[in-house]
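# Structure at a glance
Chain residues, written in single-letter form:
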Amino acid sequence: MSDEHTTHPQTGETPQGPDAAPAPEGAAPESADVAAETAAAAAPETAAGAPETAGAAPESVPETAAAPASDARNVKVEPVGDDRFRVSVCAGTACVFAGSMAVYEAFVEEVEAAGLEDKVDVTIIGCHGLCSQSPVVVCSDDSFYGGLRPTDVATVVEEHLKGGRPVEKLLYKDPATGEPVRDWHEIGFYRQQTRIALRNVGVIDPESLDECLARGGYEAARVCLTEKTPEWIIEHVTDSGIRGRGGAGFPTGVKWEFAHKSPGDEKYIICNADEGDPGAFMDCSILEGDPHAVIEGLLIGSYAIGAHEGYVYVRAEYPLAVKRLTKAIADAEERGYLGDDCFGSGWRFDLHIKLGAGAFVCGEETALIASIEGKRGMPRTRPPYPAVSGLWGKPTNINNVETLANIPWIINHGADQYSALGAERSRGTKAFSLAGKIVNGGLAEVPMGSTLRHIIFDVGGGIKDGREFKAVQLGGPSGGCLPASLLDTSIDYESLAATGAIVGSGGMVVVDDQTCMVDLARFFLQFTQRESCGKCVPCRLGTKRMLETLDRIMAGDGREEDLDLLEELSHYIIDGTLCALGGTAPNPVLTTLKYFREEYEAHVREKRCPAGKCKALITYYIDPEACTGCMLCAKKCPTNVITGEKKQPHVIDVAGCIKCDTCRQVCRFDAVKIRSGIAQTAEV
Amino acid sequence: MATTADDLTAKQTVRPDQVTLTIDDQEVVCELGETILEAAQRVGIHIPTLCYEPRLPATAACRICMVEVEGARKTLPSCSTVATEGMVVRTNTDRVRAMRHLYLELLLSDHNSFCTPPCRDACPTHIKIPQFLEYIAHRDYKNGVRKLREDLPFPAVLGRVCPRPCEGPCRRQLVEHPITICWLHRFMADQCIDEEQEGELLLPVEPKPDSGKRIAIVGGGPAGLACAFYARLEGHAVKIFEAMPKTGGMLRYGIPSYRLPRDLLEKELNVLWRLGVELQTEARLGVDYQLEELFEQGFDAVFLAMGAFNSNDMRIEGEDADGVVTAVDFLGELELTGDVHVGDKVTVIGGGFTAMDACRTSIRKGAREVTCLYRRSRKEMPAHHTEVDEAEEEGVKLELLVAPVRVLTDAANKVTGIEMQRMELGEPDASGRRRPVPVEGSEFVVECDQVISAIGQYPKLDGTSEEQGVKRTKWRTIEVDDFTFQTADPRVFAGGDCVLGAQTVIQAIAQGKKAAWSIDAFLRGEDMAAVSASLRELKATPFFHALSAKNDLDPRIQRMAEIPPVFIDMTTDVSHPSPPAEMPKLSPEERKTNFKQIELGFSEEEAVRGADLCLDCYCPANGTCDLQRYSIEYEVFKNRFHGGAAHDYEADFRHDFIMREPNRCINCGRCVRVCRLEVGSSCYDNMGRGYDTIVSTADNMPLQMVGCVSCGKCAETCPTGSIVTNPRRLESYDLDESRCMFCGECVEVCPYDALEQTEFFELAGFSRTTLAGQSLYAREPRPLDPLRETLPDLVPHVRDAVLGQGWTWDPIKDDPVDLEAFARGDGGNGDGAGGDGDGAGGDGKAAAKPAEGKAAEEEG
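Each value, and the rule that gives it
Residues numbered from 1 in each chain as written. Chains lettered and ligands numbered in written order. Predicted model: local features only at pLDDT ≥ 70, side-chain atom pairs only at ≥ 80, totals over all residues. Heavy atoms only, no water. Helix = DSSP H or I, 4+ residues; strand = E, 2+ residues; numbered from the N terminus. Buried < 20%, exposed > 50% of the residue type's maximum accessible area, 1.4 Å probe, protein only. Areas by Shrake-Rupley, 256 points an atom, 1.4 Å probe, with all protein chains shown as cover. Contact = heavy atoms within 4.5 Å. pLDDT = per-residue confidence, 0-100. Patch = residues over 30% accessible without salt bridge, like charges linked within 9 Å, V, L, I, M, F, W, Y side chains within 5 Å. Salt bridge = Lys/Arg side-chain N within 4 Å of Asp/Glu carboxyl O. Lys, Arg positive; Asp, Glu negative; His and termini not counted. Charge placed at Lys NZ, Arg CZ, Asp CG, Glu CD. Pairing = 2+ DSSP bridges. Phe/Tyr/Trp six-rings, centres within 6.5 Å; stacked < 30°, edge-to-face > 60°. Lys NZ or Arg CZ within 6 Å of the ring centre and 35° of its normal. Buried area = accessible area lost by both parts, 1.4 Å probe. Axes fitted to C-alpha atoms, helices over the stretch in contact; angles between N-to-C directions.

Within chain A, the regular secondary structure consists of 26 helices and 18 strands. Within chain A, the fraction of its 684 residues that count as buried is 63%. For chain A, the accessible area works out to roughly 23800 Å², and carbon and sulfur atoms hold 50% of it.

Along the backbone of chain B there are 32 helices and 25 strands. Counting all 860 residues of chain B, 52% fall into the buried class. Pairs at least 24 residues apart make up 70% of the contacts formed inside chain B by residues separated by at least 6 positions.

Our focus in this paragraph is the confidence of the model for chain A. Looking at chain A as a whole, its pLDDT mean stands at 83, while 87% of the residues score no less than 70. Counting contacts from residues 1-81 of chain A, a segment whose pLDDT is below 50, to residues more than four positions away or on other chains yields 229 contacts.

Turning to a positive patch on the surface, a few remarks are in order. Residues and elements named next belong to chain A. A cluster of basic residues, Lys635, Lys636, Lys646, Lys647 and Arg668, forms a positive patch at the surface. Along the chain, Lys647 turns up in the loop between strand E16 (642-643) and strand E17 (651-652). For Lys647, a relative accessible area of 66% puts it in the exposed group.

A word on the pairing of strand E15 (residues 618-622) of chain A. Residues and elements named next belong to chain A. Burial within E15 is extensive, with four of its five residues counted as buried. Of the pairings in the sheet, the one linking E15 to strand E18 (residues 672-676) comprises five bridges and is antiparallel in character. Following the sheet pairing, Tyr620 is matched in E18 by Ile674.

Attention now moves to the packing of aromatic side chains. Per the counting criterion, the structure on display carries 23 aromatic pairs over all chains. Summarising the aromatic geometry, the rings of B:Phe493 and B:Phe522 are spaced 5.5 Å apart at their centres and angled 65° between planes, so their arrangement reads as edge-to-face. Residue B:Phe493 is located in strand E21 (residues 492-494), and its partner B:Phe522 is located in helix H17 (residues 505-523); the two are separated by 29 residues in the primary sequence. In this pair, the class of B:Phe493 matches that of B:Phe522, namely buried. Feature note: the residues A:Phe144, A:Tyr172, A:Trp184, A:Phe189 and A:Tyr190 constitute an aromatic cluster, connected by ring pairs. The ring of A:Tyr621 carries A:Arg675 above its face, with NZ or CZ at 3.9 Å from the centroid. Residue placement shows B:Arg214 over the ring face of B:Phe299; its charged tip is 4.2 Å from the ring centre.

Residues and elements named next belong to chain B. Burial in helix H15 (residues 385-393) covers these residues: Thr386, Glu387, Val388, Glu390 and Ala391. Along its buried surface, H15 packs onto helix H14 (353-364), strand E14 (397-400) and helix H21 (588-591). One or two steps after H15, the chain reaches Gly395, where phi turns positive at roughly 110°.

Time to look at unusual backbone geometry. Between A:Ser134 and the following residue, A:Pro135, the backbone shows a cis peptide bond with an omega angle of -5°. Among the structural elements, A:Pro135 can be located in the loop between strand E2 (120-125) and strand E3 (136-139). With an omega of 0°, the peptide bond running from A:Pro383 to A:Pro384 counts as cis. When you line up the elements, A:Pro384 lands in the loop between helix H14 (365-372) and strand E9 (396-400). Even without a glycine there, the phi angle at B:His126 is positive, about 55°. Following the sequence through the fold, B:His126 ends up in the loop between helix H4 (118-122) and helix H5 (129-137). Residue class for B:His126 comes out buried when judged on its relative accessible area of 18%. Backbone geometry places B:Asp616, a non-glycine residue, at a positive phi of 50°.

Quick look at the interface of chain B and chain A now. Facing 33 residues of chain B, the contacting portion of chain A comprises 32 residues. Between chain B and chain A, a total of about 2700 Å² is buried, with carbon and sulfur atoms accounting for 54% of that surface. The largest per-residue losses of area from chain B upon contact with chain A belong to B:Leu106, B:Arg689 and B:Tyr691, which jointly make up 22% of the total buried on that side. Seen at the junction of chain B and chain A, the total is two salt bridges. Salt-bridge contacts for B:Arg95 lead to A:Asp575; the nearest nitrogen and oxygen are separated by 2.9 Å.

Strands in a sheet are paired, the pairing made by backbone hydrogen bonds, and the direction either parallel or antiparallel. Residue and element names in this part refer to chain A. A sheet is described by the order of its strands in space; here five strands give the open sequence E11-E10-E14-E12-E13, paired in mixed fashion. In this open sheet, the two edge strands, each paired with only one partner strand, are strand E11 (442-447) and strand E13 (480-483). The mean angle between the axes of side-by-side strands here comes to 30°, regardless of whether they run parallel or antiparallel. Relative to strand E14 (residues 507-512), strand E12 (residues 469-474) runs antiparallel, the two being bridged by five bridges. Residue pairing for E14: Gln473 is matched across the bridge by Val509. Sitting on the sheet, helix H23 (residues 587-595) touches E12 and E13, and the angle it makes with E13 is about 20°.

Residue and element names in this part refer to chain A. Relative to the assigned elements, Leu171 resides in the loop between helix H5 (153-162) and helix H6 (188-191). Counting along the chain gives 85 residues from Leu171 to Arg86, while the straight-line C-alpha distance between them is 17 Å. If near-sequence neighbours (up to four positions away) are discounted, Leu171 is found in contact with Ser143, Phe144, Tyr145, Pro166, Pro180, Val181 and Arg182.

Let us look at the pattern of salt bridges. Scanning the entire structure with this criterion turns up 93 salt bridges over all chains. In this structure, A:Asp331 and A:Lys327 form a salt bridge, with 3.0 Å as the shortest nitrogen-oxygen distance. Taken as a pair, A:Asp331 and A:Lys327 lie in helix H13 (residues 319-334) at a separation of four residues, close to a single helical turn. A salt bridge links B:Arg364 to B:Glu394; its shortest N-O distance comes to 2.9 Å. On the criterion of sequence distance, the pair formed by B:Arg364 in helix H14 and B:Glu394 in the loop between H15 and E14 is long-range, its members being 30 residues apart. This pair shows no difference in class: B:Arg364 is buried, exactly as B:Glu394 is. Several salt bridges converge on common partners, so that one network encompasses B:Arg259, B:Asp357, B:Arg360, B:Arg364, B:Glu387, B:Glu390, B:Glu393, B:Glu394, B:Lys585 and B:Arg591.

All right, on to the side chain of B:Gln486 then. For B:Gln486, the location among the structural elements is in the loop between strand E20 (457-458) and E21. The contacts of B:Gln486, once residues within four sequence positions are left out, are B:Glu479, B:Val480, B:Asp481, B:Val492, B:Phe493, B:Phe522 and B:Met528.

Turning our eyes to something else, we now look at helix H11 (residues 282-289) of chain A. Most of H11(A) sits inside the fold, with eight of its eight residues counted as buried. Among all positions in H11(A), only A:Met282, A:Asp283, A:Cys284, A:Ser285, A:Ile286, A:Leu287, A:Glu288 and A:Gly289 are buried.

Here it is as C-alpha cells:
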C-alpha cells in the first residue's frame, strides 16, 4: 500500500481493434447513435474493486497519508478477522440497466443453494468504472467478470467459489491478445488510473457507513473540525492547487477564501450535482459509489467558510444517487457527524438535498441558486458573485461533487501530495467518463497533464471494432471536438482552452471515421439549444438559427455563405451571452469548423457527406459483384424496395428507400454500399 | 453637447462617493454604484437597450446595450455593469454595432408581426384599411364608412372605379391572393348609402362651427368634391362652380355607366349637398365668370380643380379626318346627349383606362369590330388588368406593340383605315417601363371607319393666366407648392388632374383632401411658407426622427404630413390559406349590349369573410416601438435569418383593458419585473424553455384570473406592441359607500395614485364623533351608529410591513399626516381636519374616481 504512483501516464499498450465488446451500442448510422451511445455509457457502474469487510478497522490517517497516489492499485480493504470470500456486484446505473441486479440475486440464490452462505458474502458496490463490460462482478481474489448473465452464475459458483478456480471463459479478455486477465488490476483500463476522487467508488458498499469508515472516511472532517482552524483548511486547499472540477476551473481555495471573508453570519455551501452533459457521469458515479466523500467535503467546506447550512443540488434523474445520498446523510446524522454538534466540536451543520428538475442551465451557479429558492432556473448577471450575494442573498459557496470528494483526501494526505500530481497550473487528478466508440467505456481518473492519447488508447483501449479514431468531443456540449492531430495535447485547463475545447466536467465522447462531424456538432448544439433558459437573445435565438443552418447544410441546401454565418453567429453568441451555457454552446460547431472544415465544404459544395451519414445526401445501392443473392436484405427491408431473384444480385429501388440502413447492417457480404455527392441521383 | 458636458465635469469637484470614468472619450463623473448605462445617460450618450427599465433592477436579457470596456475580454452589458474608477468604455464601436445588428436580426427573425401595413401607404389618400375591414368583419358598416371617410369621402364610387394600388402590396399574398380591399369598401358603402340619403350622415367628425370664411371651388370633379367635403367639415362655407350641367367631372363624363351607375354617383354626392355645399353648374371660368370676380364676391380662397379635359394629339397625318375622335369627346358626348355615333369597325389607340372605356362603350353601342392598339406589351398597359380581360371577353381585339403612323382617308376625308408600325421594347424609360422602339419596314394597315384616340389628356386652363399668379409647368399643368397646393397667388390653390395631369380618381381625391386642409390652415392665418418648409423638412427627415419632430407640429398641420413608413425585414408565419370570394359579374353576353353595372357586388357573407382574411398587419406600437426604432437605426432591412422558424401565438383579448400579443414579445421581462416589483401582482413570468420561452401568465390564464389589477403598467413599460391597453369603456368607478369600511387599501394599492386620502378619508377609522355630520361620505352623511361610538379609537391603518418590502410608493410622503396628533384626537392635518365640511363632499368624490383612462387611443 505504499508504492508510489507514477504521476505520468504510461504509454504502454494501446490495444487496437478488440473483438466485440458487449456494450449496448446501437449501430444505426444516424445522429441518434451519438445520443444512444452517450446515454448508454452514461450509465455508470460500480466496480467493486476489492472486496472489503464490513467493520474493518479504519486505516489510520498517517498510514494512508504515507501512501498517497497509490489508490488506483490500492482499492482493497483488507478483510478483518475471518477469511470470508466476497463477491461484489456492480450496482452503478449502467450495470443495473444491463441486469446486474438479476445477477446479484442469482448469486445470492446459488450461494445459498451451494451452502456457501457462511463463507461467501454477496454485496453490491458503486460504479466500478469499466461500464463497457457491464454488468460487472468482481471477487475478493481480484478476479473480474464482465458481461455476466444470470445463467452464468451457477458456473461461477460451482467452479470459482467452490472449486477455487476462476472461470476462465467468463473472465475479462485482453482485447489485444484475447487472453483472459485474472486480476482486474492488470487490466489496462485500471492500471493506468490514479484514483483520488474515486478512491472508494467501486470499492465499498455505498450504503454502508462502516465500510466508508474502514477506508478512512470522515477522519479528515473530524481532524478539521476538532483540531484545525478555517484558515488552516483554506490555506491547505489553496496550496493543493485544486481547481473547480465542474468545468470552469476556478481555484477552490480562493473561492473558499472569498466566501470565508464575505461578511455575514448566515452563509451557505452548496454542492453542485446537476451534472447534465450528455456522456458525463462522474458526479453520478461518485454520489452513487461514495456519497460520504461528498458529505465530508461539504462538512469541511462549511467549517472553512462558516456556513451552517448546506444543500446538495442533485438532478432528479439520478434516483440511485439521491437514494444513497439520502441514506448517507441520515447515517451521518445518526452518528453525529452532521447536525447540531458535529464530532462533538460544537460545529453545527445541516445538509439538505434539493432535487433539480433536470434543466441543464441549473448547473450554472446563479441559475442553480434561483432554482433552490424556488424560482425559475434562470441565470442572472454577475457581479454580485454568489460569494457576496448568493442563496437568499447571503454569501454562498458552490462546489462541484468531484471537487468536494477530493477535499478529504487532500486534508488526509497533505496539499503537497496532491499538488505533486498534474501539470503546471492544473494540479491533481481528474475523472473522465469515456463514452462513444471506445473499447473501455467507463469511468477513469488520471492525473491532469496526461495526454488525450493516453486516456483514449491506454486507458480506453482504443477505438471499437478496429476502426480509426476520428475525433474526441471533450467537455460535453460546451466543449470542443479535437482531431487526431491533437491527440498529444496535455489535458490541463490552459492547453485545452488553446485548442478550442475545454476540460469541462470531464465528459469524453470518442468517435470513429463513420461519424459525420456536421452531424456531431448538430447533436451537441441541439442539446444546448433545447436547454437554453430562454432569457438572453443570442442564446435563445442565436443557437436556434445556428441549428437551422446546420440542418440546412445536412439537408443538402447549404449555401456558400452559411459557414461564415455560422462563424459570425458563434462569435457573437460567445461574446454576448449572459451565462456560460450560451457562451460555450457554439464550441462544438466552432471546433469542428476549425478542424473538419473540408467536411462542411463537402456538404455545401458537393452535396456530399463524406461519412455517409446525412440521409439527404446519400443513396444506398447493392454492389452486384459482392451480392450473393441471399435475400436477407430484401426480407428485412421495411419498405420492400429491394428486389432480386434468389442467388442473383439484388437491387434497391431508390425512390422508395427510406435510408434506414437496415440492409447494410444485415448484409453479411458487405454488398450494400452508400454513395454520396452531387452525382448520387444520376447513378443507380 | 460634448463641450458642455466637458465643461461641467471640469468644473465639478469629484467627491469620494463618486467615480470618474471615460465613455466614448468623454470623462464622466457619476455616483458610486451607478451603472455604465446610467453614467452615459448623465452626459447624453445614448446606449440602445430594450430590457432596461429605470425603475427596476437590471436583468440584462436583451444584450442590446453591450459595450466594450477596456481590459475586458468580452463585451459587457452596460445596464448591469457598475462603473468603476478609471474605466474606459466605448459604446459605439464596430464590434458592438455588428453585435447589436445581429441580435436585432435574431429578434426580428422570430417576430411574427408587422409594424405597418403596406396597403395604407400605397393608397394615395391613405385610407385606414385594416381598421375599416375590422368594422366589416364585425358587420358594423356605418362606423366603417365613418372611419373610411376620414380619408375618402366617396367609398361607393371609388369601390367601383379605383385602380386599387392598395391591393398590389397586400401581405395576404404571402399566403394567396390579396384582400379585395376595393370591393369590400364598395360593399360596405352600399349597405349604408340608401339609409344615408334621408337619415344621419356618416361623417368622420362633427362639422366644426361656421368659420365665417368662404371657399370657391372651380370644378366639380373628384378633387373639387373631396376638397369641398373636407373644407366643409372644417366649418368653411363652400361653393362649387361647375362648367358642365352636372357635377362629377371625369367620374360622370369620362367613366361609362356600366362601371359607375349614375344614380349611385348622385346618391353618394348627396352627402355634400346635405352638408351645405353650394353648387353652381354651367358656370365656366373665363367665360361666365373670372377668377378675380370670385374674390370680389367675398370668397377668401379659391381651389382650382378643373381637371384635364384636353386630349393629347396623336401628331400624325390625317388626324383631322372625319371619323377621328378623342375618347374624352366620345365618352362625354354619350353622357351629355345620351347617344354617340359609333362606327362599324372601330380602332382605339391607347392602353389606359380611357382607351378601355372607349373600346367597351363602342361594343355596347353596336360596333361590329373593335380593335385596341397599344405600343407596348400587355404588361405595360396602364389600365387595370381586369379591365383588359373584361374588354377581351366582350370581343375587343388587342393589337400590341404597334404605333399609329397615319390615318388613311378617302376622298371625302373620311377614315378608311389606319397605318400602324410594329414596335419592340427597348431600354426602360424614366417611368420604369420599357421604351417602345419602331421596327423599320413593319408598317401595316388596319381597316376601320372610326378612330378613337385615348393617348392622354392635359388640363384646359381657360380663365387662368400666369399674370394672375396661376403659373404653368412645362407639362401644361398648374404649378403649385408640393405641400400646400398654393399657386403663386396665395389665395389660389389648385389640385387634381389640373396639377397632376390626367391621373387616377383616387390621386385626385387625395389632393383634394390635402388641399382642403391646407386651405384651412391658410384661412386660420398660418404662415403658409413656414408650413410648407416644415412639411418639406419633415419629409426629408429619417422615419423615427420625423415621428418625434411631428410632436412639435400643430395636429392640423401634422395631418398634411405624409411620413413614408420604413419596412423592416422580419420573419412572419402566415398560414391558413382561404381564398377570397370572387366578385360575381354579368357574363360578357349579358353585358355587352347594355350599360348595366357589370360587377354585382358581394353578398354579406362573402364580404365578412373577405374582410376577416385581413392579417391586421399593423401594430399599435408602430412609431413608438423600441425594437422598430433600433431596427431602423441599425438598418435591419435584410434579415439573414428570414424564413427560419417563427412562433405563431394567439393574441389574448380576454382582458377588458389589456391586450396581449405574444407574437410581438421579445422576452425582455420588463412587464414581469414591473408587475412583480412595482405593482406587486406577479401576473407574468417566462414560460417554456429555450427557443420556446415566452412571457405569459401561469398556464396562459386570462390576466383577470392571475391577480391583475388592471393598472396597465405592463403595457406602459412594454418596449414593443406586445402588451397594449385597449381603449377604456368605463368613464369612472363608483364607490358603494354602504360597504366601504374606509380601510384605505384601494388608495394604497392604486399604482397610479389615482385615489387620494382626503383628510376625512384617513380620519374615518378612529374618531367618528369628530366627523359626525361633516360629510364623511361622498354623497350625504348618514346617521351615526350608536354602537360604534363606544368603540375605542383605532389607529390608522398604514401597511408598514408592506411598505418595508420594496414598495416604492409612500402614501404619506406628499401630505404628511401627524398620526400622533390624530391619536390625541385633536385632528391631524391642521384645524381643517374635522372642520369645514364644504370641500369634503368633493374630496370624497375624488377618492372614488377611477384611474385616469390612460389607454392609448388606437393608432392608425
